[in-house]
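Single-letter residue listing:
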2 protein chains.
Amino acid sequence: MNLPDSSPPPTWIDRMRWSDDGLIPAIVQDASTGSVLMLAWMNREALIRSLQTGQTHFYSRSRRALWHKGATSGHTQHIEQIRVDCDADTLLIQVRQHGGACHEGYLSCFFRLAVGDQWISDQSPVFDPDRVYTQAELSRSTAPTDPTTPDTPAPSAQAERRPAASAAPPPADTV
Amino acid sequence: MNLPDSSPPPTWIDRMRWSDDGLIPAIVQDASTGSVLMLAWMNREALIRSLQTGQTHFYSRSRRALWHKGATSGHTQHIEQIRVDCDADTLLIQVRQHGGACHEGYLSCFFRLAVGDQWISDQSPVFDPDRVYTQAELSRSTAPTDPTTPDTPAPSAQAERRPAASAAPPPADTV
């Protein structure tokens, strides 16, 4: 699933039905277990970058920037298959997930189940977000800036990591 | 997963992060196999109707109307679980799918795989859309109108059924 940088993008990208904002939703699914990990948004550049690198890249609607999943946490998603729906307005991306997909420490962002009037977490965390994101911040503060990827600004740990779910309205969208 | 009509909607509906248009994407997954069947959109009414009936209802952005999945084809989706993501802006609905989810005759709308420059169908149809939708049209033309559900206009067979995928740009959005 790696497209050489020098290759033209596949022509099917132009057959996708991009929204007026130039986006499509991308469902990310664990290729081995079938677990749905997350939903995020891609623009044309994010999709091409995903095809070129074999790792998921998305477009953050709140930050208005390209976003390499796992850039902060190391929890990257390695693409096995890309499927398209009958309307060509949604992608299903099957991946090998390193670590967890959710910034709250879970394998899947869908770790909560609606039960009556409540959302109940019925899954166990697979990593400690405090540890992972603190280490990432420390590494970032001592690492040299990579000038070769100006088009993929890595999100800050704060941007990739959002506050824990609570009864209060969730924070502003970061995916 | 059936909420009595007389019950108030669960309060978590107000904690969902509805878009400016009052919508959220809902991923529909086969509860037994994990296969991702489709993505569609819900407004508040579609979600409440889904909770009340135990069957998926969506909001059609193109027709601007509530839509009961399977109203035309009989291929309803019976809800087993509803999960919410960490941002509370996407639902994952796990269902028992009757027939196929895709109007083109496939179990899943994601029956096409991106391979190089092409989309390749790698799944077999589970029903004949010509037969199913023609029969539905015939039944509709002889059946009395049901005046008890004015808020859930059943889509016409043409509306639920979209033309087959081709190299040409797909038709206008009907989900």
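Residues numbered from 1 in each chain as written. Chains lettered and ligands numbered in written order. Predicted model: local features only at pLDDT ≥ 70, side-chain atom pairs only at ≥ 80, totals over all residues. Heavy atoms only, no water.

Q: Could you clarify how one ought to interpret the interface of chain A and chain B in this entry?
A: Accessible area lost upon the coming together of the parts is a frequently used measure of interface size. Each partner contributes residues to the interface: chain A has 50 residues there, and chain B has 50 residues. Together, the buried faces of chain A and chain B total about 4300 Å²; carbon and sulfur atoms form 56% of this surface. The closest approach of N and O atoms between A:Arg83 and B:Asp122, which form a salt bridge, is 2.4 Å. Counting across the chain A and chain B interface gives 18 residue pairs in polar contact (both at pLDDT 80 or more). Broken down by class, the residue content of the side of chain A that touches chain B amounts to 27 nonpolar, 10 polar and 13 charged. Pairing of strand β5 (residues 77-84) of chain A with strand β7 (residues 112-115) of chain B, which is carried by 2 bridges, proceeds in the antiparallel orientation. Across the sheet, the residue bridging to A:Val84 is B:Arg112, located in β7(B). (Contact = heavy atoms within 4.5 Å. Buried area = accessible area lost by both parts, 1.4 Å probe. Salt bridge = Lys/Arg side-chain N within 4 Å of Asp/Glu carboxyl O. Polar contact = N/O pair within 3.5 Å; in protein donor to acceptor, adjacent residues only side chain to side chain. Nonpolar A, V, L, I, M, F, W, Y, C, P; charged D, E, K, R; others polar. Pairing = 2+ DSSP bridges. Helix = DSSP H or I, 4+ residues; strand = E, 2+ residues; numbered from the N terminus.)

Q: So what exactly am I meant to see when it comes to the confidence of the model for chain A here?
A: Regions with low pLDDT should not have their predicted coordinates read in detail. All names here are of chain A. Scored by pLDDT, chain A comes out at a mean of 84, with 77% of its residues at no less than 70. When the criterion is pLDDT under 50, residues 144-160 qualifies, and its contacts beyond four places in sequence or with other chains add up to 32 contacts. Below a pLDDT of 50 lies the segment residues 162-174, which in the model reaches 30 contacts outside its immediate sequence neighbourhood of four places, other chains included. Both confidence scores are given for the complex: pTM 0.82, ipTM 0.81. (pLDDT = per-residue confidence, 0-100.)

Q: In this structure, what is going on with unusual backbone geometry? I would like to understand it.
A: Trans peptide bonds make up the majority, and among non-glycine residues the majority have a negative phi. Residue and element names in this part refer to chain A. Of note, Arg64 is a non-glycine position whose phi angle comes to about 50 degrees, a positive value. Looking at the element boundaries, Arg64 is found in the loop between β3 (57-60) and β4 (65-68). Classification of Arg64 by relative accessible area gives exposed; the value is 68%. (Buried < 20%, exposed > 50% of the residue type's maximum accessible area, 1.4 Å probe, protein only.)

Q: Help me understand the layout of surface pockets in this model?
A: Where empty space is left in the structure can be found by rolling a water-sized probe over the atoms. Within this model, the largest pocket holds a volume of roughly 1000 Å³. A:Asp21, A:Trp41, A:Arg61, B:Ser19 and B:Trp41 are, among the 31 residues lining the largest pocket, the residues nearest its centre. Of all the secondary structure elements, the ones that give two or more residues to the lining of the largest pocket are β1 (24-30) and β2 (36-42) of chain A together with β1 (24-30) of chain B. Across the lining of the largest pocket, the residue classes tally to 14 nonpolar, 4 polar and 13 charged. (1 Å grid on protein atoms, 1.4 Å probe; cavity = no way out; pocket = protein on both sides within 12 Å on 5 of 7 lines; lining within 4 Å. Points joined across faces, edges and corners; volume = space filled by probe spheres on them.)

Q: How should the relation of the copies chain A and chain B be read in this particular structure?
A: The two chain copies are related to each other by a rotation about an axis together with a translation along it. Of the transformation superimposing chain A on chain B, the axial component is 0.0 Å and the angular component is 180 degrees, with the fit at an RMSD of 0.0 Å. Such values leave the two copies arranged in the relation of a two-fold axis. For chain A, the minimum C-alpha distance to the rotation axis belongs to A:Gly34 and amounts to 2.6 Å. A symmetric contact is evident, with 100% of the interface residues of chain A recurring at the interface of chain B. (Least-squares fit on C-alpha atoms with pLDDT ≥ 70 in both.)

Q: It is not clear to me how the environment of B:Met16 should be interpreted in this structure. Could you clarify?
A: Relative to the helices and strands, B:Met16 resides in the segment before β1. For the pair B:Met16 and B:Leu66, spaced 50 residues apart in sequence, the C-alpha separation works out to 19 Å. If near-sequence neighbours (up to four positions away) are discounted, B:Met16 is found in contact with A:Trp119, B:Ile24, B:Val84, B:Ala88, B:Asp89, B:Thr90 and B:Leu91.

Q: What is the right way to look at the state of the cysteines in this model?
A: In protein chemistry, a disulfide is the covalent bond that joins the sulfur atoms of two cysteines. Within this structure, the stated rule accounts for 0 disulfides over all chains. As a non-bridged cysteine, A:Cys86 has B:Cys109 as the owner of its nearest cysteine sulfur, 3.7 Å distant. Among the residues examined, A:Cys86 registers a relative accessible area of 5% and is labelled buried. Free cysteine: A:Cys102, not disulfide-bonded; nearest cysteine sulfur from B:Cys86 at 3.8 Å. (Disulfide = S-S within 2.5 Å.)

Q: Which parts of the structure should I look at to understand the pairing of strand β3 (residues 57-60) of chain B?
A: Across a regular strand the side chains alternate sides, sitting on one face of the sheet and then on the other. All names here are of chain B. Of the two faces of β3, the one carrying His57 and Tyr59 and the one carrying Phe58 and Ser60 are both buried. In terms of strand pairing, β3 meets strand β4 (residues 65-68) through 4 bridges, oriented antiparallel. Bridge pairing links His57 to His68 in β4. Here β3 folds back onto β4, and the loop between the two strands holds 4 residues, one of which, Arg64, carries a positive phi near 50 degrees.

Q: I'm lost on the packing of aromatic side chains in this one. Help?
A: Two aromatic rings are characterised by how far apart their centres lie and by the angle between their planes. Tallying each qualifying case throughout the model produces 9 aromatic pairs over all chains. Considering the side-chain rings of A:Tyr106 and A:Phe111, the 3.8 Å spacing of their centres and the 5 degrees angle between planes classify their relative orientation as stacked. Each of the two residues, A:Tyr106 as well as A:Phe111, counts as buried. Between B:Phe127 and B:Tyr133, the aromatic rings sit 6.4 Å apart at their centres with planes inclined by 55 degrees, giving tilted as the arrangement. Across the ring face of B:Trp119, the terminal group of A:Arg15 is positioned such that the distance to the ring centre comes to 4.5 Å. (Phe/Tyr/Trp six-rings, centres within 6.5 Å; stacked < 30°, edge-to-face > 60°. Lys NZ or Arg CZ within 6 Å of the ring centre and 35° of its normal.)

Q: Can you walk me through the environment of A:Thr90 in this structure?
A: Looking at where A:Thr90 falls in the secondary structure, it is placed in the loop between β5 and β6 (91-97). For A:Thr90, a relative accessible area of 1% gives the class buried. C-alpha separation for the pair A:Thr90 and A:Ala26, spaced 64 residues apart in sequence, amounts to 5.9 Å. If sequence neighbours within four positions are ignored, A:Thr90 has contacts with A:Met16, A:Pro25, A:Ile27, A:Arg83, A:Val84, A:Asp85, B:Leu39 and B:Phe110. Among the polar contacts made by the side chain of A:Thr90, one reaches the side chain of A:Asp89 at a distance of 3.3 Å.

Q: Would you take a moment to explain the pattern of salt bridges for this structure?
A: Where charged atoms from two side chains of opposite charge come close, those side chains can pair. Tallied over the full model, the rule gives 10 salt bridges over all chains. One salt bridge in this structure joins B:Asp89 and B:Arg17, with 3.7 Å as the shortest N-O distance. Here the residue B:Asp89 occupies a position in the loop between β5 (77-84) and β6 (91-97), and B:Arg17 occupies one in the segment before β1, the gap between them amounting to 72 residues. Looking at B:Asp89, the relative accessible area reads 8%, which means it is buried. The partner of B:Arg96 in a salt bridge is B:Glu80, with the nearest N and O atoms 2.6 Å apart. Residue B:Arg96 is located in strand β6, and its partner B:Glu80 is located in strand β5; the two are separated by 16 residues in the primary sequence. A single salt-bridge network, built from bridges that share partners, covers A:Arg17, A:Asp89 and B:Arg61.

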